[in-house]
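Structural features, examined
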Amino acid sequence: MSKSDVTKLLISVLIGVAIWFCPAPAGLKPQAMHMVAVFVSTIVAFILNPLPIGALALIAVGVSGFLGVQKPAEALSGFGNATIWLIVSAFIFAKGFSKTGLGKRIAYVIMTKIGGNSLFLAYTMAITDVIIAPATPSNTARGGGILFPIIRSLCSAFGSEPGESGKKIGRFLIASSFHVNCVTSSMFVTAVAPNLLCTVLAKQTIGYEITWGSWALACIVPGIIAVILTPLLVYKIETPEIKNTPEAKEIARKELEAMGPMSAAEKVVCFVFMLALALWATSSMTKLNATMIAMVCIGIMLVFHAVEWNDVTTEKGAWDTLFWMGGLMSLAGGLNKSGAIKWAAGVIGKSMNGMDGMMALAILCVIYMYAHYLFASMSAHVAAMYAAFAAVAVACGAPAGLTAMSLAVITGIMGSLTHYATGTAPIFFGAGYLSQNEWWKIGFIVSVLSMVIFLGIGPIWWKVLGIW
């Protein structure tokens, strides 16, 4: 470890120690205070990042059990959560898309149909993102691994490189594709890992259950509207000099010719993906568990060699997510069981005494969204703030379903704010087409549009669905 990392780790530990030895305030048991100490120390470490997030979560789980803050079974309970394994399974789905080339094929096929001008080219990337988002629980893998290489190649094909020539089309395509990637991250539970954390915290904290199908149904209307309007808004801000792009269709055709006909592995992944979507969408009627559906579908891919067992064991993102999210769920469960969240909600609720529940929720959503300027990880942000904000909003009288969904859908769209806000941001920003000031300016404008759509139009649709 570097001297800087040692300092960051020491700061995280000292904050935890300080809280541990502070007298418990009225209404909070000493055991709960100790749970708060471990949790806060972990969140601070997530933010400062002295070690990989998975390593920090593993250490925190061990410490909570070693110090008797939680029983060993409770400390390890998060790793057996079905929701965690749904995310792990989705990572394997994503491996199938990238390994077989199906993700690229989808993009190129769409490009041959609607890639005739710069705006439609942006919609090609947007549609591809929407299609593969349900099975790609990493916006970094989806945006950075599948879409970015295609976009960067297109920019070069049009002679649009970082610098002055970026105005031709590169600045627009980079900005539009990145911000749509943030929108799709809010559209499905399995579109980005922290979404699953929201569902668990919502159930633990305010007793509201969000399933894969209910999330997808809730976000389909605001999500589609945002996917349509986001490229248009970016087009107005970064209007490309090249308006017509007939070359794009030819580029796509050549790429498809080079790829040849769909391989057997691609066909298997395509079939299994559609099967999973159909079963997930109808799980409320069939009563089939979403995680078990995913595991059976992965089994089919393994049997037909669309992915190999070695692909599963070497999928670093899946197992890293299992460690940090499983550990975080264990800590969050212990925090809730200790009564700390309920106590905190009561204290904050008193400070908002007399405020209408809907107004309180609106204020909390705005704070929750723009607090992300302080975070370099959506996962750390959700872990630090979701449960407390949800509990406070409900304590003030906001409906549980509306609260759970309102805060949850912010998870993806808050990634648009800065060049460090989510894993995809450094990749797109690092291409060098936009300065930091330009990136932040576009990010803020797009964030306002996203908030208006998801938290303005969204609740109207959710009312129709009976969510609140």
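Shown above is the structure to which this text applies.
Residues numbered from 1 in each chain as written. Predicted model: local features only at pLDDT ≥ 70, side-chain atom pairs only at ≥ 80, totals over all residues. Heavy atoms only, no water.

**What to know about the packing of aromatic side chains**
Given two aromatic rings, one states the distance between the centres and the angle between the planes to describe the pair. In the structure shown here, the tally under the stated rule is 16 aromatic pairs. Ring geometry for F172 against Y235: centres 5.3 Å apart, planes inclined by 85°, an arrangement best described as edge-to-face. Note that F172 is positioned in helix 9 (residues 170-185) and Y235 in helix 11 (residues 212-237), a separation of 63 residues in sequence. The same class applies to F172 as to Y235, namely buried. A centroid spacing of 5.8 Å and a plane angle of 45° characterise the contact between Y370 and F444, whose relative ring orientation is tilted. Of this pair, Y370 sits in helix 19 (residues 357-370) while F444 sits in helix 23 (residues 436-465); the two residues are 74 residues apart in sequence, bridging distant segments of the chain. The partly exposed category is assigned to F444, whose relative accessible area is 41%. Each residue in the set F148, F178, F428, F429 and W439 is aromatic and connected to the rest through ring pairs, giving one cluster. (Phe/Tyr/Trp six-rings, centres within 6.5 Å; stacked < 30°, edge-to-face > 60°. Helix = DSSP H or I, 4+ residues; strand = E, 2+ residues; numbered from the N terminus. Buried < 20%, exposed > 50% of the residue type's maximum accessible area, 1.4 Å probe, protein only.)

**Comments concerning unusual backbone geometry**
For N49, which is not glycine, the phi torsion reads 60° and is therefore positive. Counting through the fold element by element, N49 comes out in the loop between helix 2 (30-48) and helix 3 (53-66). Since its relative accessible area comes to 43%, N49 is described here as partly exposed.

**Side note on the pattern of salt bridges**
Any two side chains of opposite charge can pair, so long as their charged atoms come close to each other. With the rule as written, the count across this model stands at nine salt bridges. Between E266 and R105 there is a salt bridge; the shortest N-O distance is 2.6 Å. Residue E266 is located in helix 13 (residues 264-281), and its partner R105 is located in helix 6 (residues 102-114); the two are separated by 161 residues in the primary sequence. The same class applies to E266 as to R105, namely buried. Of the charged contacts in the structure, one is a salt bridge between E161 and R152, with a shortest N-O distance of 2.7 Å. Residue E161 is classed as partly exposed on the basis of its relative accessible area, which comes to 29%. The exposure class of R152 is partly exposed, given its relative accessible area of 22%. Three or more residues are tied together by salt bridges with common partners; here these are R171, E238 and E438. (Salt bridge = Lys/Arg side-chain N within 4 Å of Asp/Glu carboxyl O.)

Remember that the coordinates give geometry; whether it matters functionally is a separate question.
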